[in-house]
Amino acid sequence: MTAKPAAAAARATVYGYPRQGPNRELKKAVEGYWKGRVSADALRETTAGLRRTNWRRLADAGVHEVPTGDFSYYDHVLDTSVMVGAVPARHRAAVDADALDGYFAMARGTQDVAPLEMTKWFDTNYHYLVPELGPDTVFTADSTKQVTELKEALALGHTARPVLVGPLTYLLLAKPAPGAPAGFEPLTLLDRLLPVYAEVLADLRAAGAEWVQLDEPALVQDRSPAELSAAARTYRDLGGLTDRPKLLVASYFDRLGDALPVLAKAPVEGLALDFTGSAAANLEDLAAAGGLSGKRLVAGVVNGRNIWINDYEKSLATLATLLGLAGSVDVAASCSLLHVPLDTAPERDIDPQILRWLAFAGQKTTEVVTLARGLAQGTGAVAAEISANRADRASRRNSPITADPAVRARTATVTDADSRRSQPYTERAAAQRAHLGLPLLPTTTIGSFPQTDELRTARADLRAGRIDTAGYEERIRAEIGEVISFQEKTGIDVLVHGEPERNDMVQYFAEQLTGYLATRHGWVQSYGTRYVRPPVLAGDISRPGAMTVRWTSYAQSLTGRPVKGMLTGPVTMLAWSFVRDDQPLGDTARQVALALRDEVNDLESAGTSVIQVDEPALRETLPLRAADRAAYLEWATESFRLTTSGVRPDTQIHTHMCYAEFGDIVQAIDDLDADVISLEAARSHMQVARELAAHGYPREAGPGVYDIHSPRVPDAAEAAALLRKGLEAIPAERLWVNPDCGLKTRGWPETRASLENLVTAARTVRGELPAS
């Protein structure tokens, strides 16, 4: 039966689009600017061209209303700080001298000035720059970027909607500035911030904006009555302005819950809601709230965070139901398409049938347009698309790639004993100290060393056939030799082989495990100019053979000091991949854990005494709603222990986490039962060390003393000061000294200097300790 057409034609739109360009032109232009090879004018010209290309691509696909303001040189939250004048005092001189250089100083720091803290954007792998606000913060409006980009789009003939981070989300994501009074809450600045937003809205209205979108994803998290009251006041005040565009308040990543009736009653013209995954509950909640009579509803029915094709029939049924709950219904992806790659068309190495299961940003745009047409004209207008979509989904469901009986049989036999070490930590720690013979405050690094141009060239030459495997492996052996030699000369206690053979900490393993698919061009922004290619978790997972033993053993043969085996943990293997949507995540994690367990056991058998299983994504994958967290943490910690629990007591298990808020998962960190954990701490001034101490964390920890996401080189005194601060929370016999994260993105000169300073700091502070 053909669905009844909507009363008014449904519009297709998106909230944002990948910024990088088809060949990562943004990365190349920005990094060229940093190196002095690209002028500021050339950078602006390149980025303006990328925006034009994005808008044209969206309009040509049939999108009726394109977003503006979503584009960024580095980060959209940092752009918001500039828009409202929230520039930290330490960066003010740089911003006043040159706005562009000052912007990058806030993002990356300089040799003399530390950058803003960086952390994960909700439960994604995108990183944002954390606003620093205090009671003396003075907000001032600067709508230059937002107005300029709107005018660009309008001049090209597009119907455009500026997209801004909403004031509530901006304040709720902020942290107290250094020196702010204890207990200061940035949300107390709301009344000071709203007039600045009012000024920006007026500027956009004057520039031709009919609608402006205010993104409030923070409202999908658990919010207190006071925070919900602040939301009501915010949109009562902004909605009551006379000189403003129409307002579309957007949320995504989960259901709005208690915030939905607050926004539904607000004097704004529209709401944008996510209806995918757990956010599908918004449908029932919207009905319970009485709908949005007279308001525009933008329905996010295409998953903007994963890469599987949409279920057209299911989405059209949802849209048909929504027609009775709002004044008008438009169709969108569930969130910005920033979180998915640009286009499947360049992927030549994936079987064409499998490729039809995948939808990147370009394909998702087509899905949004198709669904809008089906909603407006009836399903008969898109019957051919529905039929093809049904066939493609059936092809995936029935494919032998999807299910491996042997893998499923093995996971079915897992018992609780398989995820428990044979001895408690206190006994293991004594055995490890005797076996390893490390000093107090032992030094190590997180794993990777700089990926030089020579390494990248060698990898490209191997792919292109310009060198053979033997030639490539000789280059890898030489690099490992250099890394080991440098660490020995510097005096590092526990070494790493530097990972020169690895392209990415997830992709490297995915390419060696069955059940994964790798892309060639599936780049996604992680932060700034850092892009990753998340692999696709398409089927059941198993390990055909050893993945890391050969190179780890080679490195160990070059030194008498312990060399860590380096693996990526099961949760991170999921979080930094595009995961299956056809089985519970816990089931997939258990499959990955068993494959990695085999690798851990093989490393130990080959003589590796220290094995690090990185889980930087444990916190970022934490569900946004507290009610959903216990179930997640149960399978997440169990999968880590399943990976690591098959080793002897004297084998030391490390893990690593970075750039997230750890305070609310300290118990889960404890539940991992790792012998040593290293964590990001330099930008947050050892906050995590204090959180571990407050919890009574009983194991060893290495809160980072060197921020590797900035090009600046911390001197030995700075690292020693951080280390002393760490000792206030963690006793010396359980404190390690290490950088925040891997060194892959850094250059050799800064790496050498920083690590030499780190070792000097450790020796200095070690000498200050009382004699045992």
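Criteria and cut-off values
Residues numbered from 1 in each chain as written. Predicted model: local features only at pLDDT ≥ 70, side-chain atom pairs only at ≥ 80, totals over all residues. Heavy atoms only, no water. Salt bridge = Lys/Arg side-chain N within 4 Å of Asp/Glu carboxyl O. Buried < 20%, exposed > 50% of the residue type's maximum accessible area, 1.4 Å probe, protein only. Helix = DSSP H or I, 4+ residues; strand = E, 2+ residues; numbered from the N terminus. Axes fitted to C-alpha atoms, helices over the stretch in contact; angles between N-to-C directions. Parallel < 35°, antiparallel > 145°, perpendicular 65-115°, else oblique. Contact = heavy atoms within 4.5 Å. Nonpolar A, V, L, I, M, F, W, Y, C, P; charged D, E, K, R; others polar. 1 Å grid on protein atoms, 1.4 Å probe; cavity = no way out; pocket = protein on both sides within 12 Å on 5 of 7 lines; lining within 4 Å. Points joined across faces, edges and corners; volume = space filled by probe spheres on them. Expected span 1.5 Å × (residues − 1). Arc of directions from axis to C-beta. Core = buried A, V, L, I, M, F, W, Y, C linked by side-chain atoms within 4.5 Å. pLDDT = per-residue confidence, 0-100. Pairing = 2+ DSSP bridges. Polar contact = N/O pair within 3.5 Å; in protein donor to acceptor, adjacent residues only side chain to side chain. Disulfide = S-S within 2.5 Å.

Turning to the pattern of salt bridges, a few remarks are in order. Tallying each qualifying case throughout the model produces 58 salt bridges. The salt bridge involving Asp 461 is made with Arg 466; its shortest N-O contact spans 2.6 Å. Judged by relative accessible area, which is 17%, Asp 461 ranks as buried. Between Arg 648 and Glu 604 there is a salt bridge, with the nearest N and O atoms lying 3.9 Å from each other. Of this pair, Arg 648 sits in the loop between helix H24 (629–644) and strand S18 (652–657) while Glu 604 sits in helix H23 (residues 585–605); the two residues are 44 residues apart in sequence, bridging distant segments of the chain. Taking relative accessible area as the criterion, Glu 604 reaches 10% and is therefore assigned buried.

With that settled, the discussion passes to the packing of helix H1 (residues 25–34) against helix H2 (residues 40–61). Packing of H1 against H2 brings their axes to within 10 Å, and their N-to-C directions diverge by 170°. Comparing their axes, H2 and H1 come out roughly antiparallel. Contacts between H1 and H2 involve Glu 25, Leu 26, Ala 29, Val 30 and Tyr 33 from the first element and Ala 40, Leu 43, Thr 46, Thr 47 and Leu 50 from the second. Its residues assigned to classes, the contact of H1 with H2 comprises seven nonpolar, two polar and one charged.

All right, on to empty space enclosed by the protein then. What the rule picks out here adds up to seven cavities of 30 Å³ or more. A volume near 510 Å³ is recorded for the largest cavity. Of all the secondary structure elements, the ones that give two or more residues to the lining of the largest cavity are strand S13 (524–527), strand S14 (530–532) and strand S16 (564–568). In terms of residues, the lining of the largest cavity owes the most to one element, S16, which gives three residues. A breakdown of the residues in the lining of the largest cavity according to their chemical character gives 16 nonpolar, eleven polar and seven charged. Around the second largest cavity sit 19 residues that line it, and Asp 70, His 76, Val 163, Val 165 and Asp 215 are the ones nearest its centre. Going through the elements one at a time, helix H3 (76–83) and strand S5 (160–165) are the ones with two or more residues in the lining of the second largest cavity. Tallying contributions element by element places H3 first for the lining of the second largest cavity, with four residues.

Another point: helix H28 (residues 748–768). Across its 21 residues, H28 extends 30 Å between first and last C-alpha, which sits within 8% of the 30 Å expected from 1.5 Å per residue. Looking only at H28, the buried set comprises Trp 748, Glu 750, Thr 751, Ser 754, Leu 755, Leu 758, Val 759, Ala 761, Ala 762 and Val 765. For H28, the angular spread of the buried residues around the axis is 160°, confining them to a single face. Exposed residues pointing more than 90 degrees away from the buried face of H28 are listed as Pro 749 and Gly 767.

Our focus in this paragraph is the nonpolar core. Of all hydrophobic cores here, the largest spans 117 residues; its most connected members are Phe 139, Tyr 170 and Leu 319. The dominant element in this core, judged by the number of residues it contributes, is helix H8 (residues 190–206), at eight residues. Not counting chain neighbours up to four residues away, the residues in contact with Phe 139 comprise Val 84, Ala 86, Leu 133, Tyr 170, Leu 171, Leu 189, Arg 192, Leu 193 and Val 196.

Bringing the confidence of the model for the protein chain into the picture now. Model confidence for the protein chain is summarised by a mean pLDDT of 95, while 98% of its residues fall at 70 or above. Taken together, the stretch residues 1–7 has pLDDT below 50 and engages in 15 contacts with residues farther than four places along the chain or on a different chain.

The next thing to look at is the sheet that holds strand S19 (residues 676–679). One open sheet accounts for five strands, arranged S16-S17-S18-S19-S20; its pairing is parallel. Strands with a single pairing partner mark the edges of an open sheet, and in this sheet they are S16 and strand S20 (700–703). Strand-to-strand, the axes of this sheet are offset by a mean angle of 20°, without reference to chain direction. As paired elements, S19 and S20 share four bridges and run parallel to each other. Paired with Ser 678 across the strands is Gly 702, a residue of S20.

Attention now moves to the packing of helix H16 (residues 405–412) against H23. Remark: H16 packs on H23, axes separated minimally by 10 Å, with the N-to-C direction vectors making an angle of 85°. Compared by their axis directions, H16 and H23 come out roughly perpendicular. When H16 is examined against H23, the residues Val 407, Arg 410 and Thr 411 are found in contact with a partner set consisting of Arg 590, Gln 591, Leu 594 and Asp 598.

So, about the environment of Gly 179. As for its position among the elements, Gly 179 is in the loop between strand S6 (175–176) and H8. Through-space distance from the C-alpha of Gly 179 to that of Ala 589 is 42 Å; in sequence the pair is 410 residues apart.

Examined against the element boundaries, Gln 451 turns out to sit in the loop between helix H17 (425–436) and helix H18 (453–464). Classification of Gln 451 as buried rests on a relative accessible area of 7%. A distance of 3.2 Å separates a polar side-chain atom of Gln 451 from the backbone oxygen of Arg 502. With residues near it in sequence (within four places) discarded, Gln 451 still touches Arg 456, Arg 459, Glu 499, Pro 500, Arg 502 and Lys 744.

Inspection of the secondary structure puts Thr 411 in helix H16. The exposure class assigned to Thr 411 is buried, which follows from its relative accessible area of 18%. Only 2.9 Å separates the side chain of Thr 411 from the backbone oxygen of Arg 408, close enough to count as a polar contact. Not counting the four nearest positions on each side in its chain, Thr 411 is found in contact with Arg 590, Gln 591 and Leu 594.

The next point concerns the state of the cysteines. Inspection of the entire model under this criterion finds zero disulfides. Not part of a disulfide, Cys 658 finds its nearest cysteine sulfur in Cys 741, a span of 3.6 Å. We classify Cys 658 as buried; its relative accessible area is 7%.

A separate point is the pairing of S18. Of all six residues in S18, six are buried, a share of seventy percent or more. A two-sided burial pattern is seen for S18, the buried positions comprising Gln 652, His 654 and His 656 on one face and Ile 653, Thr 655 and Met 657 on the other. Pairing geometry for strand S17 (residues 610–614) and S18, over three bridges, is parallel. Bridge assignment links Gln 612 to a residue of S18, and that residue is His 654. In the sheet, S18 pairs with S19 via four bridges, with the strands oriented parallel. Among the inter-strand pairings, His 654 is bridged to a residue of S19, identified as Val 676.

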